[in-house]
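Spelled out from the first residue to the last, the chains are:
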Amino acid sequence: MTMPTRLRPAEVSDLPFILRQEREYMETIEPDALLGWLTVLDQNLELWIDCLPNTLFCVDEDRHPLGYVMWSLDGDTATLVSISVLDGRRRQGLGRLLLDAFEQKASSGGARVVELGVYRTNQAHLLYQAAGFEATGQDGEYVLFTKKLSPADEDNRVLLG
């Protein structure tokens, strides 16, 4: 990373940023699904609101958002709902910072397994594989990944500030 960053819990005022990032993702990675996504935008908003307590933002020294990670927790399984980094800040380690923070927070919340699905052409699969996720199957156009968390993951804590 080239400039100082920190992680903070998401706030309701972050929802417009999430909307813009999610829309940009749909327009660039899954453009054929954009119309369907817009049709259920209210359901997406409900999901984002429900996941707000399990959302972390990466911000710069002036508190401008650079990206976020959002997940849901069900028993001992945490599911990555979304991870996003501003286009101009990608490939600087922020995605890995957010992914590591997700694993740490999920583990401290009782998760022993983390999972996610990534669109088949999305290059983010390289990030997940580098972080130890293993492909476990496919659901339509999505490749499914899983990673078992171990107590050793607790030693690699990301500091929130």
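Residues numbered from 1 in each chain as written. Predicted model: local features only at pLDDT ≥ 70, side-chain atom pairs only at ≥ 80, totals over all residues. Heavy atoms only, no water.

1. Concerning unusual backbone geometry
Stated precisely, the cut-off is as follows: Secondary structure counts use DSSP, requiring at least four H or I residues in a row for a helix and at least two E residues in a row for a strand, with both numbered from the N terminus. Each residue is assigned to one of three classes by its accessible area relative to the maximum for its type, calculated with a 1.4 Å probe on protein chains only: buried under 20%, partly exposed between the two thresholds, exposed over 50%.
Even without being a glycine, Arg-63 presents a positive backbone phi close to 70 degrees. Within the element layout of this structure, Arg-63 appears in the loop between strand E2 (55-60) and strand E3 (65-74). On the basis of relative accessibility, which here comes to 40%, the residue Arg-63 falls in the partly exposed class. Positive phi, normally seen in glycine, also occurs at Arg-91, with a value near 65 degrees. Relative to the assigned elements, Arg-91 resides in the loop between strand E4 (77-85) and helix H4 (94-108). Overall, the relative accessible area of 85% leaves Arg-91 in the exposed class.

2. Notes on helix H3 (residues 41-51)
For the record, the criterion: Directions pointing from the helix axis toward each C-beta atom define the arc. Every residue pair with non-hydrogen atoms within 4.5 Å of one another is taken to be in contact.
Taken as a whole, H3 has its buried residues at Asn-44, Trp-48 and Cys-51. Buried residues of H3, seen end-on, are gathered within an arc of 70 degrees and therefore sit on one face of the element. In H3, the exposed positions that point more than 90 degrees away from the buried face belong to Gln-43, Glu-46 and Asp-50. On the buried face of H3, the contacting elements are helix H1 (15-28), helix H2 (34-39), E2, E3 and E4.

What is shown is where atoms sit, not what they do.
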